[in-house]
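Secondary and tertiary structure notes
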Amino acid sequence: MSADVEKKIRHVGFIMDGNGRWAKKLGRPRTFGHSKGADRIPEVIETCYDLGVEVVSLYAFSTENWSRPKSEVDEIFKLLKNFLKKYSKTLIDKQIRLIISGDISPISEDLKKECIKLIERTKDYKQHVLNIALNYGSRAEIVRAVNKIKAKDGEITESDISANLYTAEIPDIDLVVRTSGEMRLSNFFLWQCAYAEFYFTDVLWPDFGKKQTEQAIEWFYGRKRRFGGI
Ligand code: FPP
């Protein structure tokens, strides 16, 4: 693998953390932080695409997030629905393919419909992908993949697993960015992060914008990726 190919960043995953703390600092409800956090998303993903990134993954709602108060869960889903409604024109104008990773069966019918409509409408776009992890948990995703292939004759290979994940059609994650100072992966695309670089910043998600995205990507290019070689 040449140095250039080795270094190309294709897929960035964001763990958008710190919305609640950001709001608390201002004496506002946690949902205010989520709302400001959602407003940041277009700027961040478009900065990535402008810098040559093909796929952006966002951790919007994990399977563990159901344990939050119902009012907060409802607000996150409302923000997601509004985001998809508002951003659908950009997805089409900028030819961004939408993928949803996760089990969308328990979410409300109107959000589900909006997701399915946009997934279908954008499925032929090749250049850019927005992958939203929604009711997502990586271990559950791997178990689901294994269950899908267990009837196969012979040995199960890594390719079999990869091909049965939600992310089957997109490359592995090159860079994970987690905001708010937490240094955990929190069940975020464990398989797909096998060779990822990890960028942790104290900046809270609602304060994370174009400049911070550029800094993270610049940091990635300053690292040498060896994939286990020397
Ligand atoms: C983590 O911050 C954030 C979430 C669990 C939700 C992220 C959701 C959004 C940004 C809005 C909707 C998503 C999209 C894609 C439009 P936290 O609440 O855990 O913050 P804290 O650690 O400070 O409490």
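Within every chain, residues take consecutive numbers counted from 1 along the sequence as written. Owing to the predicted nature of the model, reporting of local features is limited to residues with pLDDT of at least 70; listing and counting of side-chain atom pairs is limited to 80 or more, with chain, interface and lining totals taken over all residues. Side-chain descriptors were evaluated using all non-hydrogen atoms of the structure, hydrogens and water having been removed beforehand.

**Focus: the nonpolar core**
Going by this rule: We call a set of buried residues a nonpolar core when its members are Ala, Val, Leu, Ile, Met, Phe, Trp, Tyr or Cys and they connect through side-chain atoms within 4.5 Å of each other. Three exposure classes are used, based on accessible area relative to the maximum for each residue type with a 1.4 Å probe and protein chains only: buried under 20%, partly exposed in between, and exposed over 50%. Secondary structure counts use DSSP, requiring at least four H or I residues in a row for a helix and at least two E residues in a row for a strand, with both numbered from the N terminus. Contact between two residues is taken to exist if any of their heavy atoms lie within 4.5 Å; hydrogens are not considered.
Core analysis: the biggest nonpolar cluster contains 40 residues, and Phe14, Val56, Leu130, Ile132 and Leu134 have the highest contact counts within it. In terms of residues, this core owes the most to one element, helix H4 (residues 70-93), which gives 8 residues. Ignoring anything within four residues of it in the chain, the contact list for Leu130 reads Ile45, Tyr49, Val56, Leu58, Phe83, Leu91, Ile96, Arg97, Leu98 and Ile99. Among the nonpolar cores identified, the runner-up in size contains 10 residues, and Ala133, Phe188, Phe189 and Ala196 belong to it.

**What about the sheet that holds strand S2 (residues 55-62)?**
Neighbouring strands of a sheet are bound in pairs by backbone hydrogen bonds; such pairs are parallel or else antiparallel. Here is the rule: For two strands to be treated as a pair, DSSP must find no fewer than two bridges joining them. Here the axes come from fitting lines to C-alpha atoms, over the contacting stretch only for helices, and the angles between their N-to-C directions go from 0 to 180 degrees.
Pairing within the open sheet is parallel, and its 6 strands lie in the order S3-S4-S2-S1-S5-S6. Two strands bound the open sheet, and with one partner strand each, they are strand S3 (96-101) and strand S6 (197-200). Taking the axes of each pair of neighbouring strands and ignoring which way they run, one obtains an average angle of 20° across the sheet. As judged from the 4 bridges shared by strand S1 (residues 11-15) and strand S5 (residues 175-178), these two strands associate in the parallel manner. Counterpart to Ile15 in the pairing with S5 is Arg178. In the packing of helix H3 (residues 30-50) onto the sheet, the strands contacted are S1, S2, S3 and strand S4 (128-136), and the crossing angle to S2 comes to about 150°.

**Details of the pairing of S2**
Taken across its 8 residues, S2 has 7 buried, putting it largely inside the fold. Alignment of S1 against S2, held across 4 bridges, turns out to be parallel. Among the inter-strand pairings, His11 is bridged to a residue of S2, identified as Val55. Judged from the 7 bridges that link them, S2 and S4 form a sheet pairing that is parallel.

**What to know about the pattern of salt bridges**
The condition is simple: Think of a salt bridge as a Lys or Arg side-chain nitrogen and an Asp or Glu carboxyl oxygen that are within 4 Å of each other.
A full pass over the atoms with the stated rule returns 19 salt bridges. A salt bridge links Glu214 to Lys210; its shortest N-O distance comes to 2.9 Å. One end of the pair is Glu214 and the other is Lys210, both in helix H8 (residues 210-221) and 4 residues apart, which spans about a single turn. Under the relative-accessibility criterion, Lys210 is labelled partly exposed at 44%.

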